[in-house]
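Breakdown of the fold
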There are 2 protein chains.
Amino acid sequence: MITSSADPRPADFTDVRAANLAVVLRFVRDNAPCSRADIAASTGLNKATVSSLVADLIDRRLLREVGLTEHRVGRPATMLVLDGSPYASIGLEINVDYLTAVAVDLSGERLLSWRRSFPGATATPAQAVSAIAALTRRVISRMTRDRRQALGVAVAVPGLIDTGGTVVVAPNLGWRGVDLAGDLAKALHDPGLPIQVENDANLAVLAEHRFGPLGGTPNLVYLTGEVGVGAGVILDGRLRRGGQGFGGEIGHIEIDPEGPACRCGRTGCLEAVAGIGVLVSSTDPAKVEPEIEEVVRRAKAGDRPTLDRLARVGRDLGKGIAIATNLLNPEAVILGGYYVPLAPWLLPAAAAEAGDRTIAADLGGCRIVASTLGYGAAALGGAARVLDSVDSGRLPSRPTS
Amino acid sequence: MITSSADPRPADFTDVRAANLAVVLRFVRDNAPCSRADIAASTGLNKATVSSLVADLIDRRLLREVGLTEHRVGRPATMLVLDGSPYASIGLEINVDYLTAVAVDLSGERLLSWRRSFPGATATPAQAVSAIAALTRRVISRMTRDRRQALGVAVAVPGLIDTGGTVVVAPNLGWRGVDLAGDLAKALHDPGLPIQVENDANLAVLAEHRFGPLGGTPNLVYLTGEVGVGAGVILDGRLRRGGQGFGGEIGHIEIDPEGPACRCGRTGCLEAVAGIGVLVSSTDPAKVEPEIEEVVRRAKAGDRPTLDRLARVGRDLGKGIAIATNLLNPEAVILGGYYVPLAPWLLPAAAAEAGDRTIAADLGGCRIVASTLGYGAAALGGAARVLDSVDSGRLPSRPTS
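Residues numbered from 1 in each chain as written. Chains lettered and ligands numbered in written order. Predicted model: local features only at pLDDT ≥ 70, side-chain atom pairs only at ≥ 80, totals over all residues. Heavy atoms only, no water.

Across its full length, chain A holds eleven helices and 16 strands. Taking 401 residues into account, the globule formula puts the C-alpha radius of gyration at 21 Å, and chain A, at 23 Å, falls close to it. Along the longest, intermediate and shortest principal axes, the C-alpha atoms of chain A span 70 × 50 × 45 Å. Taken across its 401 residues, chain A has 56% of its residues classed as buried. For chain A, restricting intrachain contacts to residue pairs at least 6 apart in sequence, the fraction spanning at least 24 positions comes to 65%. Put simply, chain A shows about 16,100 Å² of open surface, and 50% of that area lies on carbon and sulfur atoms. The distance from the centre of the 42 positive side-chain charges to the centre of the 43 negative ones in chain A is 5 Å. (Helix = DSSP H or I, 4+ residues; strand = E, 2+ residues; numbered from the N terminus. Rg over C-alpha atoms; globule rule 2.2 N^0.38 Å. Buried < 20%, exposed > 50% of the residue type's maximum accessible area, 1.4 Å probe, protein only. Contact = heavy atoms within 4.5 Å. Areas by Shrake-Rupley, 256 points an atom, 1.4 Å probe, with all protein chains shown as cover. Lys, Arg positive; Asp, Glu negative; His and termini not counted. Charge placed at Lys NZ, Arg CZ, Asp CG, Glu CD.)

What follows covers the relation of the copies chain B and chain A. Both copies of the chain are related by a screw-like operation: a rotation about an axis and a shift along it. The transform that puts chain B on chain A rotates by 180° and translates by 0.0 Å along the axis, for an RMSD of 0.0 Å. The superposition of one copy onto the other is thereby described by a two-fold rotation axis. A shared binding surface is used by both copies, with 98% of the interface residues of chain B retained as interface residues in chain A. (Least-squares fit on C-alpha atoms with pLDDT ≥ 70 in both.)

The next subject is the pairing of strand β12 (residues 220–223) of chain B. Residue and element names in this part refer to chain B. Alternating positions in β12 separate into two faces, Leu220 and Tyr222 on one and Val221 and Leu223 on the other, with burial throughout. In terms of strand pairing, β12 meets strand β15 (residues 332–335) through four bridges, oriented parallel. For valine 221, the partnering residue across the bridge sits in β15 and is valine 333. (Pairing = 2+ DSSP bridges.)

This brings us to the confidence of the model for chain A. Residue and element names in this part refer to chain A. Mean pLDDT over chain A: 91, with 95% of residues reaching 70 or higher. Every residue in residues 1–11 scores below 50 in pLDDT, and together they form 15 contacts with partners more than four places removed in sequence or on other chains. For this predicted complex, the interface confidence comes out at an ipTM of 0.90, alongside a pTM of 0.91. (pLDDT = per-residue confidence, 0-100.)

Taken together, the contacts link 51 residues of chain B with 50 residues of chain A. Summed over both partners, the interface of chain B with chain A buries about 4,600 Å², with 59% contributed by carbon and sulfur atoms. At the junction of chain B and chain A, the tally comes to four salt bridges. Across the chain B-chain A interface, the total number found is 22 residue pairs in polar contact (both at pLDDT 80 or more). (Buried area = accessible area lost by both parts, 1.4 Å probe. Salt bridge = Lys/Arg side-chain N within 4 Å of Asp/Glu carboxyl O. Polar contact = N/O pair within 3.5 Å; in protein donor to acceptor, adjacent residues only side chain to side chain.)

Taken together, five strands build an open sheet; the order of strands is β14-β13-β12-β15-β16 (chain B) and the sheet is mixed. At either end of the open sheet lies a strand with only one pairing partner, and these are β14 (238–239) and β16 (367–370) of chain B.

Here the focus is the sheet that holds strand β12 (residues 220–223) of chain A. All names here are of chain A. Taking strand neighbours across the sheet as the criterion, the five strands line up as β14-β13-β12-β15-β16 in an open arrangement whose pairing is mixed. Two strands in the sheet have a free side with no partner beyond their single neighbour: β14 (238–239) and β16 (367–370). Across the sheet, helix α10 (residues 339–357) lies against β12, β15 (332–335) and β16, angled at about 165° from β16, the strand it touches most. (Axes fitted to C-alpha atoms, helices over the stretch in contact; angles between N-to-C directions.)

The next point concerns the environment of B:Val81. Structurally, B:Val81 can be placed in strand β3 (residues 78–82). Contact partners of B:Val81, with chain neighbours within four places excluded, come to B:Val28, B:Ala32, B:Pro33, B:Leu62, B:Leu63, B:Arg64 and B:Val66.

So, about helix α5 (residues 180–188) of chain B. Residues and elements named next belong to chain B. Taken together, the buried positions of α5 are occupied by Leu180, Ala181, Leu184 and Leu188. Considered in projection along α5, the buried side chains sweep an arc of 95° and stay on one side of the axis. Residues of α5 that are buried in the fold lie against α4 (125–145), β7 (149–157), β9 (167–170), β10 (175–178) and β11 (195–199). Following α5 by one or two positions, histidine 189 adopts a phi angle in the positive range, close to 50°. (Arc of directions from axis to C-beta.)

A few words on the packing of aromatic side chains. The way to describe two aromatic rings as a pair is by their centre distance and the angle between their planes. With the rule as written, the count across this model stands at two aromatic pairs over all chains. Their ring planes at 55° and their centres at 5.4 Å tell us that A:Tyr338 and A:Tyr375 sit as a pair that is tilted. With a gap of 37 residues between them, A:Tyr338 in the loop between β15 and α10 and A:Tyr375 in the loop between β16 and α11 (377–391) connect regions that are remote in the sequence. Take A:Tyr338: its relative accessible area is 1%, and that puts it in the buried class. Positioned above the aromatic ring of A:Trp114, the side-chain terminus of A:Arg138 is 4.6 Å from the ring centre. When the ring centre of B:Tyr98 is taken as reference, the NZ or CZ atom of B:Arg115 above it lies at 3.9 Å. (Phe/Tyr/Trp six-rings, centres within 6.5 Å; stacked < 30°, edge-to-face > 60°. Lys NZ or Arg CZ within 6 Å of the ring centre and 35° of its normal.)

Moving on, we get to the side chain of A:Thr43. All names here are of chain A. Mapping threonine 43 onto the fold places it in helix α2 (residues 36–43). Within the structure, threonine 43 has its side chain in polar contact with the backbone oxygen of isoleucine 39 (distance 2.7 Å). Only 3.2 Å separates the side chain of threonine 43 from the backbone nitrogen of leucine 45, close enough to count as a polar contact.

Leave glycine aside and you will find that most residues have negative phi; peptide bonds, for their part, are mostly trans. In this chain, A:Ala32 is followed by A:Pro33 through a cis amide linkage whose omega measures -5°. Relative to the helices and strands, A:Pro33 resides in the loop between α1 (13–31) and β1 (34–35). Positive phi values are uncommon outside glycine, yet B:Arg147 reaches one of about 60°. Tracing the sequence through the fold places B:Arg147 in the loop between α4 and β7. Judged by its relative accessible area of 62%, B:Arg147 is exposed. Even without a glycine there, the phi angle at B:Asn329 is positive, about 50°. With respect to the element layout, B:Asn329 can be found in the loop between α9 (304–328) and β15.

Right, here's the structure in full:
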C-alpha cells in the first residue's frame, strides 16, 4: 500500500479517521448506489473498517441505505447513497448592484437561489454586513423550516481577499481592510457556523468546475462580467490563488494605453474598455439589468451603433482573453455575469480577436463560452467551497434536527 | 494508513514497488545521512520492506552505506547517502545563437557545463539535430570516461512543445512540426536512452525551483531574456503547462499597440519592445554577447542614450511582468538570459513600472530578481527534468559500468 509520499509523517489517528470518512463519502458521491464491498474493493480499506466508517456516516445522516441489489452475483448487498437531507451548504455574493444567495444539498442539488438589488457601491461595509447577515438569516430560516442544518457559509466578494479571509481591498465596493467573516459571525450570533470569504471570480470558477457543463475541465478560466472584471483560474484541476491569494486580477491589466480612464486611476484597463460599465450608464443598481435588456433588444433589432459598440467591446474583451490563453493555455474560458445575455454579439468578436493574438493555433484548443450558471454563479461557488470543506474531512457531527 | 484517495484502484505490484523505491530515494536525498530506521519511521514503511528497498537501491548504485553512527541512543546504525556516482543526468538547450549542455549527478551537483555559439535561427532542423546529437555524444563520452551512465537527456527548445514532445512551432528557430526527440534518438543510435523535449522557459523555471536560491518557492515565474521572451510558470510548487502544453507564451502579448513590428507579424509584442533584440543589432550569434558587454560598459560609463534605452526597455519589461503579477500573484519573478548582466539597469525600472500596474500593494509580495543560474539555466532544467523522472520512479536497473 502506497503511503502518501508527499508528506511522510506518522499519521494522527483523528486525521486518518476523518480522511477515511471523507474518502468513503467521496466514493459514494461518485458511485452511488454502491455497496460496502464496492467501497472496500475500490479504496483498499478493509471491510471491517469500511463498515465502521459507513456506520459513522449513516449516524451523521450523510449516507443512507436504500435496499438490496438484485442483479449481482453472490449475496444481495445493501446499497448506499448520499443522504444529506438534514444539511444545506450556503453561498452568498455581494457585488456592486446586487446580493445573491444559493443553498445546495450534499449532492449539489439547488435548494434555493435568491437575488436582490443592493447598492453595494455606495453602502458602507457595516450596512453591507447587515444586509448579508439578514439574507443569510433568511436562508437559514428556510433551511430550518425544511429541517436542514447549515454546514457552512461562504461569501463571494469582488476584491482582493488574503489567505486569512480578510477583504484587503474591494475597490468597486469601496472597502478596505474589512474582516467580513468575523463581522458576519458576530452578526449571526452563531459561533459554530463555519464562514469563509473568497474572491467572486474564484468562487464562480469553482462553481463551473464542480457544477457546470464543463465541470471537471482541468484548465479553466472564468471572467466575471460585472462592473468589475476578474478572473478565476483553475489549472490542473485546482484553483490557483497565488502566493497571497491575489491571483486572477485581470481587470486592471492595460489593454489600450490611449483608452478611457478607469475607476482605479489608470488608463485603458480591461475593465475600462470591456467591463459592463462601458455598455450601461446607470449607477442605480436596480437599473443595470433593464439597461442590459435594452442593449439586447436593440442589438436584435439591428441597431447599428449598438452593434458597433458590442463589436468593439467584444474585441477588447478578446484582447484580455488572449492574455489568459497565451499565459495559461486553458481548455476553456467562461464568460459570466452580464456577458451572458450579450454573448451572441460579444463571443464572435472576442473569439476572433483572441484567435489573432494567441500564439498557439486555434487558441491553443481553448473554447470561449458563456456561463450557464446564471447570476448566482459566484454564490453557487460559495456553496461549492463549503462542500469542498466537507470533502476534505470537515464533516458535521450528528445533526441537531 | 491512508490510501491514495485520488485514484482508488487496486495497486499494481510493480507500481507500488517502484513508487516505494522512489519514496526511499527522495527521503535519503533530503535527509542524508540517515539510517534504515529513520526511513521506516518517517515513511511509515515497515523495517523489512525498507531493508529490501534499500538493498535494491544499493544494488542499483543509487544509495551507498557510509559507516556507523556514533552519537545516537541504542545500537549503532549504518548510515545511507545518495550514491549516484555511476550516473549522470543530461540537459541541453538549443536557441537562436547558442547550444548549451549541462550534466549533473543524482544530487544535482554540476559535472559539466558547456556552451557554444550556434546559428539556431538560420540552421535547418536537420543541421540542428546533427549539432545537438554531436554535443550530446561529447557529453556522454565525457561521462563514460568518468565511469558514469546517462540516465536520460532533456532538450530545451524556445517554442511550443506539445504534450507528446513534438516541437509544434519554434518561430525564432524557424521550426515547424519537428519531432526532435525522435530525430535525436535516431541520431544517437541509443534506443534505451530516455529523451525529452520541453519549452526552454519551462525548463529554466524548473532549474530555479530545484537548484536556484529561491528553490522551493511555491509560485515562481521565470522570463527568458533571449531574442525570444517566454515564461515558465510554477504555481503551488509544480510547473503549469496548460491544456496542450502551450502555457507561458508571454512574449507576444501586446504591450504597445503603437510599438515596433514583431517578427511574429504583430505589433508591439513584449518581445518586440523588451526582448534583447531591442538592445543588440547583430544577427551574428557569436556577436550577441560582445554587444551586450558593450551595452554594460556604456551604461557603467553613464552614456545617456544607453541609460535611456535601458530605462525604456525596463519599463516595458515591467508592463509584461505586471501581467504575471496580476494574473498569477507569484512570490517571485526571475529574469534570466541576457537580462542578467543588464539587471542593474533593467530591474529598478521594471519593478517600478510593475509596481504601478499591480493591483495588490507591493506587487502582491512579489520579488523581481535576476537569475543566478547563468546561461545554462534551461539546460540545467533539462537535467532537473531527468532527475524528476527518477524521483517519479523511473529508476535505472543495474548500471552497465
